[in-house]
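# Topology and contacts: notes
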Amino acid sequence: MSPERAAEICEERARAAQGPEIGLTLGANSESGPFASGSFSISSDAIRGRDPIAVYESCVFNLTGEAPIRPPRLRAI
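In this report, we go over the structure that sits alongside the text. (Residues numbered from 1 in each chain as written. Predicted model: local features only at pLDDT ≥ 70, side-chain atom pairs only at ≥ 80, totals over all residues. Heavy atoms only, no water.)

So, about the overall build of the chain. Within the chain, the regular secondary structure consists of three helices and two strands. Written out in order from the N terminus, the α and β elements of the chain read α-β-β-α-α. Taking 2.2 N^0.38 as the reference for a compact globule, 77 residues should give roughly 11 Å; the C-alpha atoms of the chain span a radius of gyration of 17 Å, well beyond that estimate. Across the 77 residues that make up the chain, the buried fraction comes to 26%. The contacts of the chain with a sequence gap of at least 6 include a subset with a gap of at least 24, amounting to 57%. Accessible surface, the chain: about 5,300 Å² in total, of which carbon and sulfur atoms supply 56%. (Helix = DSSP H or I, 4+ residues; strand = E, 2+ residues; numbered from the N terminus. Rg over C-alpha atoms; globule rule 2.2 N^0.38 Å. Buried < 20%, exposed > 50% of the residue type's maximum accessible area, 1.4 Å probe, protein only. Contact = heavy atoms within 4.5 Å. Areas by Shrake-Rupley, 256 points an atom, 1.4 Å probe, with all protein chains shown as cover.)

Laid out in structure tokens, this is it:
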């Protein structure tokens, strides 16, 4: 696996380790009227309180056998 692809995969895992992700959709249309949906997800890394940077670094190393080529791009908290 390329180092760049590993970074992309591992960034997703590191973002998930930052804490729960909540999604909410609200809307309406002329045929069915108002609608709403929601989602909630939390990773096992977040539940265990693992550091997102450590999650990223270990993930990249496990996938490539090398240190990350760049720092992770995480979501702002």
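Bringing helix α1 (residues 3-17) into the picture now. Between its first and last C-alpha atoms α1 spans 21 Å; for 15 residues at 1.5 Å apiece the expected length is 21 Å, and the two agree. Along α1, the positions that sit buried rather than exposed are Ala 6, Ala 7, Cys 10, Glu 11, Ala 14, Arg 15 and Ala 17. Along the axis of α1, the buried residues cluster in a sector spanning 165°; they form a single face. Residues of α1 that are buried sit in contact with β1 (21-29), α2 (44-47) and α3 (52-64). (Expected span 1.5 Å × (residues − 1). Arc of directions from axis to C-beta.)

Read these as layout, nothing more, since geometry by itself doesn't imply function.
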